[in-house]
Amino acid sequence: MAAAVDLGRLQDALELRCACCLQYFREPVRLRGCGHSFCRPCIVAYCTGRQRADCPLCRDGFQLKDLQPNRELAALVGLIPQEEKEEELKAQDEPTPSGAVACNDRSSAGQRPGEKEEEIWDISKQLEMPAETIRLLRKELSEAKEYASRIKSQITKDFSCMKEYVERQERNTLMFITQEQKAAEQKIEETIHQLCVEGNKVTDISAQTSNLPERHRYKGSPSTMNKITLDEKLNVVKSAVEDLKRKLEILLLEKYARQFPPVQPPDSHQETNVCSSSPESAAKNPETMISSQFSQWADDVTFDLTRVYERLAITAQNRKVMVSSYPTRYEPSPNRFCISQVMCSQSFSTGCHYWEVITKDSDGWAVGVAHAMIGKRDKLGRTEHSWCIEWLGPKKQLSAWHRDQETLLHKDKPSKVGVFLELQKKTVSFYSITDKEMLLHTFEINTSNPLYPAFWLYSLERNGSLTISHTNRR
């Protein structure tokens, strides 16, 4: 009786049943890695068709060669009476009551050893599928990182080559200018020396000045002629450099705009510090920020990517619009202009507002304001709810337009235009911005609808551009 009690305690304390077939162990073997034990027939059937498998309990990997006989467990199972083992097998073969079928349908206790092994096999395969998917995804992630790294290295190398080329051309150009300058200085010095010698001769024979041979007399000023020659050469170099800069900008805008999405507008609360003017503009006008009597009303306006004609490219954080030789790949928009126009994202319905636009880089343009519902084919200033001033290169004249009515302004072309919108007074005024503001024209506006800054660029065959100055509100 004591032996029976000890055996019951032993069965409660130790797991003497295989996790695969849920019967007492038969030829128990231990996995070398994790130490779990199973029946040899169960684990061999579990590994059929695979060189390497995962432990059914802990998923630790193993191979059939890692199986080790578990003699201690076999000895313990041998203590169980044979009658008890036979009774368990008979109980499994007996039909279960109908009420217990549903309960035991998914239970492993009522299944034959082969069915249990198949179920464990199916579960293990289901667990292996996500693991294989994760492995493939990690492999793809690693390959993507490696590919991106190679592309970045190649692009860095390409841009380095371009920079080296531009820097080399810069050095050669500056060297050419220096050589031409030295040659001109040498000619001028030679001319000065020759004039001094001739002057001394004239002093010695001042009485015979009128009888000097014709070869001693100079037609015009040699220094002036040399200076003109030098100016012509330098102007050719300057024009070539400007043309190269313009072509590079156009090329980058056209090629990159077709391959990459347009830059989205920055958040309105973020401070932008990008100067969108060209190097030549910066040299002539280093301060591109608004700084005038209207600074307290200055607004930060940017071009709207959904309301720009496809042949206009927007860059410089949506502050510069430029004529492009090819259509720009914008997102589809029902409000996109069908003519060479663009509007800003910001609208105004109350208060005073001011912004400035650099116009010197375009031979034909219009700057104004318009109602949001201006048609896709309506030209600025030709409708009831749009007002603008306009410069046309061929005519060389500045005009104000509203309701398709033109008013000649008889002013020179402004290099920068300031727009002051006073909605309380219902007026919009345009100024030419140089050292100070000069009023060009004022419209009375008769609408209560929100107004948007609007622009038009003339002639798509020319590489013109408009740039919105950065705000500097006081």
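Residues numbered from 1 in each chain as written. Predicted model: local features only at pLDDT ≥ 70, side-chain atom pairs only at ≥ 80, totals over all residues. Heavy atoms only, no water.

### A short note on the overall build of the protein chain
Secondary structure assignment for the protein chain yields eight helices and 19 strands. Out of the 474 residues belonging to the protein chain, those deemed buried represent 34%. For the protein chain, restricting intrachain contacts to residue pairs at least 6 apart in sequence, the fraction spanning at least 24 positions comes to 64%. Of the accessible surface of the protein chain, which amounts to about 29,300 Å², a share of 53% is contributed by carbon and sulfur atoms. (Helix = DSSP H or I, 4+ residues; strand = E, 2+ residues; numbered from the N terminus. Buried < 20%, exposed > 50% of the residue type's maximum accessible area, 1.4 Å probe, protein only. Contact = heavy atoms within 4.5 Å. Areas by Shrake-Rupley, 256 points an atom, 1.4 Å probe, with all protein chains shown as cover.)

### Details of the nonpolar core
A general feature of soluble globular proteins is that nonpolar side chains tend to end up buried together. Grouped together as the largest cluster of nonpolar side chains are 38 residues, with contacts concentrated most on Trp 355, Trp 365, Val 428 and Phe 455. Setting aside chain neighbours within four positions, we find Val 428 in contact with Val 369, Trp 387, Val 419, Phe 420, Leu 421, His 441, Thr 442, Phe 443 and Ile 445. One finds Leu 16, Cys 18, Ala 53 and Phe 62 within the second-largest nonpolar core, a separate group that totals 21 residues. (Core = buried A, V, L, I, M, F, W, Y, C linked by side-chain atoms within 4.5 Å.)

### Some words on the pairing of strand E13 (residues 397-402)
In terms of residue burial, E13 counts as a mostly covered element, since five of its six residues are buried. In this sheet, E13 lies alongside strand E12 (residues 386-392) in antiparallel orientation, the contact comprising six bridges. Within the sheet, the bridge partner assigned to Ile 389 lies in E13 and is Ala 400. Sheet topology note: the E13/strand E14 (residues 405-408) ladder contains four bridges and is antiparallel. Considered in E14, the bridge of Ser 399 is made with Leu 408. (Pairing = 2+ DSSP bridges.)

### With respect to the environment of Leu 305
Note on placement: Leu 305 falls in strand E6 (residues 303-308). Relative accessible area serves as the criterion here: at 11%, Leu 305 is assigned to the buried category. Along the chain, Leu 305 and Glu 331 lie 26 residues apart, while their C-alpha atoms are 8.2 Å from each other.

### Regarding the sheet that holds strand E11 (residues 364-371)
Spatially, E6-E9-E18-E11-E12-E13-E14 is the arrangement adopted by the seven strands of the open sheet, whose pairing is antiparallel. Of all strands in the sheet, those bounded by a partner on one side alone are E6 and E14. Across the sheet, the axes of successive neighbouring strands diverge by a mean angle of 25°, strand direction being ignored. Where E6 meets strand E9 (residues 341-344), two bridges bridge the pair, whose relative direction is antiparallel. (Axes fitted to C-alpha atoms, helices over the stretch in contact; angles between N-to-C directions.)

### Describing the sheet that holds strand E16 (residues 427-433)
Pairing is antiparallel in the open sheet, where seven strands are placed in the order E7-E8-E19-E10-E15-E16-E17. Pairing within the sheet leaves two strands with one partner each, and these edge strands are strand E7 (312-315) and strand E17 (437-444). Strand-to-strand twist across the sheet, computed as the mean angle between neighbouring axes with direction ignored, equals 20°. In the sheet, E7 pairs with strand E8 (residues 320-323) via four bridges, with the strands oriented antiparallel. From the neighbouring strand, Thr 315 faces E8, where its bridge partner is Lys 320.

### Considering the pairing of E11
Of all the eight residues making up E11, eight are buried; the element is thus mostly covered by neighbouring parts of the structure. With burial as the criterion, each face of E11 is covered, one bearing Gly 364, Ala 366, Gly 368 and Ala 370 and the other bearing Trp 365, Val 367, Val 369 and His 371. Bridging between E11 and E12 involves seven bridges; their strand directions are antiparallel. Within the sheet, the bridge partner assigned to Ala 370 lies in E12 and is Ser 386. Two strands pair when backbone bridges link them, and E11 and strand E18 (residues 451-457) are joined in this way by seven bridges, in the antiparallel orientation. Each bridged residue has a counterpart across the sheet, and for Gly 368 the counterpart in E18 is Ala 454.

### Some words on the pattern of salt bridges
Summed over all chains, the structure comprises 13 salt bridges. For Arg 59, the salt bridge identified is with Asp 54, shortest N-O distance 3.5 Å. The partner of Arg 403 in a salt bridge is Glu 384, and the shortest N-O contact between them spans 3.3 Å. Of the two residues, Arg 403 sits in the loop between E13 and E14 while Glu 384 sits in the loop between E11 and E12, which places them 19 residues apart along the sequence. Note on Glu 384: relative accessible area 40%, which makes it partly exposed. One network of salt bridges, in which partners are shared, links Lys 379, Arg 382, Glu 390 and Asp 404. (Salt bridge = Lys/Arg side-chain N within 4 Å of Asp/Glu carboxyl O.)

### A few points about the confidence of the model for the protein chain
Taken residue by residue, the protein chain gives an average pLDDT of 78. The fraction at 70 or more is 70%. Scored below 50 in pLDDT, residues 1-5 shows zero contacts in the model against residues more than four places distant or in partner chains. Of the regions scoring below 50 in pLDDT, residues 96-111 engages in nine contacts with residues more than four places distant in sequence or in other chains. (pLDDT = per-residue confidence, 0-100.)

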